Amino acid sequence: MAYLRKENETVEIDYSLGKVWVAVPKALASLEWTVQEIDDAAHHLKAKTQGGFMSYPSVLIIDGVAVDKKTARVKVTAETPVTTITSIADFGRTRDRIDLFFEALAKQLNNKKPAR
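Residues numbered from 1 in each chain as written. Predicted model: local features only at pLDDT ≥ 70, side-chain atom pairs only at ≥ 80, totals over all residues. Heavy atoms only, no water.

Visitor: Whenever I open this one, helix α3 (residues 93-110) confuses me. Can you help?
Guide: Within an α-helix, residues lying three or four positions from one another point in the same direction, as the helix has 3.6 residues per turn. Helix length check: α3, at 18 residues, gives a terminal C-alpha distance of 26 Å against a target of 26 Å (1.5 Å per residue), a fit within 8%. Of the residues making up α3, those classed as buried are T94, R97, I98, F101, F102, A104, L105 and L109. The buried residues of α3 occupy an angular sector of 160° when the element is viewed end-on, so they sit on one face. (Helix = DSSP H or I, 4+ residues; strand = E, 2+ residues; numbered from the N terminus. Expected span 1.5 Å × (residues − 1). Buried < 20%, exposed > 50% of the residue type's maximum accessible area, 1.4 Å probe, protein only. Arc of directions from axis to C-beta.)

As structure tokens, this is what we get:
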């Protein structure tokens, strides 16, 4: 019997929503995860991770909201289908994928071009 393991996390980031939203697809590309749907006007994105040995891919739903001109709030919800057997080997992987996304996003946002 299969069911969805669902995790979510919301983070406030000290960058404008515009800059964060431009970095989101780049972060996903750096992880080699695919964008399935994107709505730039609503700042809503759906992406799919890669699966692994005895694990299914996760679906990430990413929503961005402006807190103010210099701060954005990003909410990530990850859903991973698991079975009774794969849930044993997949424990914590859904949370890890959220953490991987936020790490990749931080790298994209902090990626500064060298001074010439």
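That was the structure; now back to the text.
Visitor: Would you explain the confidence of the model for the protein in this entry?
Guide: Close inspection of predicted coordinates is inappropriate in any region flagged by low pLDDT. With 84% of its residues at a pLDDT of 70 or more, the protein has an overall mean of 88. Across the protein, strand β3 (residues 44-48) holds the top mean pLDDT of 97, while helix α2 (residues 86-89) sits lowest at 56. (pLDDT = per-residue confidence, 0-100.)

Visitor: Looking at this structure, how should I read the environment of E12?
Guide: Position of E12 relative to the elements: it lies in strand β1 (residues 2-13). Sequence separation between E12 and V67 is 55 residues; the distance between their C-alpha atoms is 8.2 Å. Ignoring anything within four residues of it in the chain, the contact list for E12 reads V67, T71, A72 and R73. Among the polar contacts listed, one links the side chain of E12 to the side chain of R73, at a separation of 2.7 Å. (Contact = heavy atoms within 4.5 Å. Polar contact = N/O pair within 3.5 Å; in protein donor to acceptor, adjacent residues only side chain to side chain.)

Visitor: Can you walk me through the side chain of T94 in this structure?
Guide: Relative to the helices and strands, T94 is located in helix α3. In this structure T94 touches R5, E7, S58, A78 and T80, once residues within four positions along its chain are discounted.

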